[in-house]
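Fold and geometry: a report
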Amino acid sequence: MDAVPRQLFIAGGWVDAAGGGTLPVEDPATGERLAEVADATVDDAMAALAAADQAFPTFRTLAPRERGDILRRAYEVMTDRCEELALLMTLEMGKPLAEARAEVSYAAAFFRWYAEEAVRISGRYTVNESGTGRVLTMKQPVGPCLFITPWNFPLAMGTRKIGPAIAAGCTVVIKPARQTPLSMLMLGRILEEAGLPAGVLNIVTASTSGPVMEPLIRDRRLRKLSFTGSTEVGRLLIEQSAEQVLKVSMELGGNAPFLVFEDADVDAAVEGALIAKMRNGGEACVAANRFYAHEAVADEFATKLAERIGAFRVGRGTDEGVQLGPLIDEAQRTKVAGLVADAVARGAQVLCGGSRVEGPGYFYEPTVLAKLTPDSALVTEEIFGPVAPVLTFRTEEEAITAANSTEYGLASYVYTRDLSRAFRVMESLETGMIGLNQGMVSNAGAPFGGVKHSGLGREGGPEGIEDYLETKYVAMAV
Ligand code: SIN
């Protein structure tokens, strides 16, 4: 903990907030205070933007190989210091150590991927249709970017924005979630050690996001905003971004359906469901939110799922062997408890769990519910907790209609052994990502993102760098 910076990182220096304010960081497993970090004011945030703006003209011309090498070095350091980063993440966010280690690897993989992409930014050259002219296109960095990242994946949601931005030659102001600033501050230190020039990355920790970030979003020096969080906040940020016509990337809420057809391997579907639901304790936008099982296999699926989920070891994430940590705070636990209470009041059957865990911290039992009515809030709202509602369907058409009956469109999961059905269903699902016979879609080399109210743009893979590049076209007379 002593090695973790507590100050703002602006223009290559670690500084206190103007006025000296601090913000407490809590361990959600105990409710105890872990640390105090700088609580930025609007002046601090504007200084960070000024630094990003000043660093941009030089950084955009740094050789692509050098930009890639910085990312590669940071990847190596993250990998070497995985244990230290994982412990820090577990302490501030609550996820079990095994999951924190997996997140460190996942987060570092974005740096490795974009270290390789930095040298592959290309344009095109073609003879125009008439044969008398030429079309030349070039890709250039969009400019200073603002990133607002969530608490559920404190490192990975940062690296998958910072990686492509640096690879493209953009500069950055980042504001991590107030609940989990320590991982991001540590990442800043690592990038500094990896040789990132001053002002290219600026970290602003703050207890209030809106008032401190809005002036940046409305400032003409900013060229891009990327946000990961709720649809409600994303909508507001898109409105604010309209003033300067910012390029925006939005990774917003989800309500992922998980479909189990009658021809599925039910045991494999249960394994996939454990990952899709219980990874990160269900606190993921891609978490399976609603399970739809064909009536011929629904009882078997729900019973086996409840046996496995009910056996999860709940506890403080720092204890080896723990599989489910606390929720992030009391507000989130109250929301989850309210959703379960609503479902039960409408007649849902509790197969396991269904209650808060008494004692310190924000723990909630791993829970499986069956026989839900489709209008239960648990089915229509994003749960963000370890609760799995199982519903049934009779026909493929009914399953697709139910899956698509939401304003969200981030991820979906399909279990079937029938190839024709798999293609029919995949082509009909209104989501940006699909897990076919697997419960995990996240991958640094693949485009992560949603449709409908789940967002705009893609992060990861070759697609992810496009959000940080503008295409310039030159019409050439020859
Ligand atoms: C999220 O769903 O919140 C991000 C998860 C991921 O990238 O796997």
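Look above for the structure.
Residues numbered from 1 in each chain as written. Predicted model: local features only at pLDDT ≥ 70, side-chain atom pairs only at ≥ 80, totals over all residues. Heavy atoms only, no water.

1. Overview of the site of the ligand
Close to the ligand lie Tyr-106, Asn-152, Phe-153, Met-157, Arg-160, Arg-279, Ala-284, Cys-285, Val-286, Ser-442 and Phe-448. A distance of 2.8 Å separates an oxygen atom of the ligand from a polar backbone atom of Cys-285. Residue Ser-442 places a side-chain N or O atom 2.3 Å away from an oxygen atom belonging to the ligand. (Near = heavy atom within 4 Å. Polar contact = N/O pair within 3.5 Å; in protein donor to acceptor, adjacent residues only side chain to side chain.)

2. Describing the pattern of salt bridges
For the structure shown, the criterion picks out 29 salt bridges. For Asp-27, the salt bridge goes to Arg-316, with nearest N and O atoms at 2.4 Å. Placement of Asp-27 in the loop between strand S3 (22-26) and strand S4 (33-38) and of Arg-316 in the loop between helix H10 (298-310) and helix H11 (330-345) is noted, with a sequence separation of 289 residues between them. Here Arg-316 falls in the partly exposed class, since its relative accessible area comes to 33%. A salt bridge links Arg-221 to Asp-219, with the shortest nitrogen-to-oxygen separation between them at 3.0 Å. The class of Arg-221 is partly exposed, set by a relative accessible area of 29%. A network of salt bridges, in which partner residues are shared, links Glu-262, Asp-263, Glu-396, Arg-421 and Arg-424. (Salt bridge = Lys/Arg side-chain N within 4 Å of Asp/Glu carboxyl O. Helix = DSSP H or I, 4+ residues; strand = E, 2+ residues; numbered from the N terminus. Buried < 20%, exposed > 50% of the residue type's maximum accessible area, 1.4 Å probe, protein only.)

3. Observations regarding empty space enclosed by the protein
Inspection of the entire model under this criterion finds 6 cavities of 30 Å³ or more. Its boundaries defined by the atoms lining it, the largest cavity holds a volume of some 90 Å³. Lining of the largest cavity is provided by 17 residues; of these, Gly-281, Glu-283, Leu-324, Gly-325 and Pro-326 occupy positions nearest its centre. Of the residues assigned to the lining of the largest cavity, the class counts are 9 nonpolar, 5 polar and 3 charged. When residues of the lining of the largest cavity are assigned to domains, at least three fall in each of domain 1 (8-253 + 453-477) and domain 2 (256-405 + 411-443). (1 Å grid on protein atoms, 1.4 Å probe; cavity = no way out; pocket = protein on both sides within 12 Å on 5 of 7 lines; lining within 4 Å. Points joined across faces, edges and corners; volume = space filled by probe spheres on them. Nonpolar A, V, L, I, M, F, W, Y, C, P; charged D, E, K, R; others polar. Domains from an automatic or database assignment.)

4. Some details on the layout of surface pockets
Each pocket or cavity is described by its volume, and for the largest pocket that value is around 1,000 Å³. Around the largest pocket, the lining comprises 41 residues; the ones closest to its centre are Trp-151, Phe-227, Gly-229, Ser-230 and Val-233. At 7 residues, the largest contribution of residues to the lining of the largest pocket is made by helix H8 (residues 231-241). Residues lining the lining of the largest pocket come from more than one domain, with at least three contributed by each of domain 1 (8-253 + 453-477) and domain 2 (256-405 + 411-443). Looking at the second largest pocket, its volume works out to about 340 Å³. Around the second largest pocket sit 22 residues that line it, and Lys-371, Leu-372, Val-390, Leu-391 and Thr-392 are the ones nearest its centre. Of all the elements in the fold, those that place two or more residues in the lining of the second largest pocket are strand S13 (288-294), H10, strand S14 (349-352), helix H12 (377-380) and strand S16 (387-393). Top contributing element to the lining of the second largest pocket by residue count: H10, with 4 residues. Each residue belonging to the lining of the second largest pocket can be placed in one class, and the counts come to 11 nonpolar, 7 polar and 4 charged.

Limitation: the analysis is restricted to geometry and does not speak to function.
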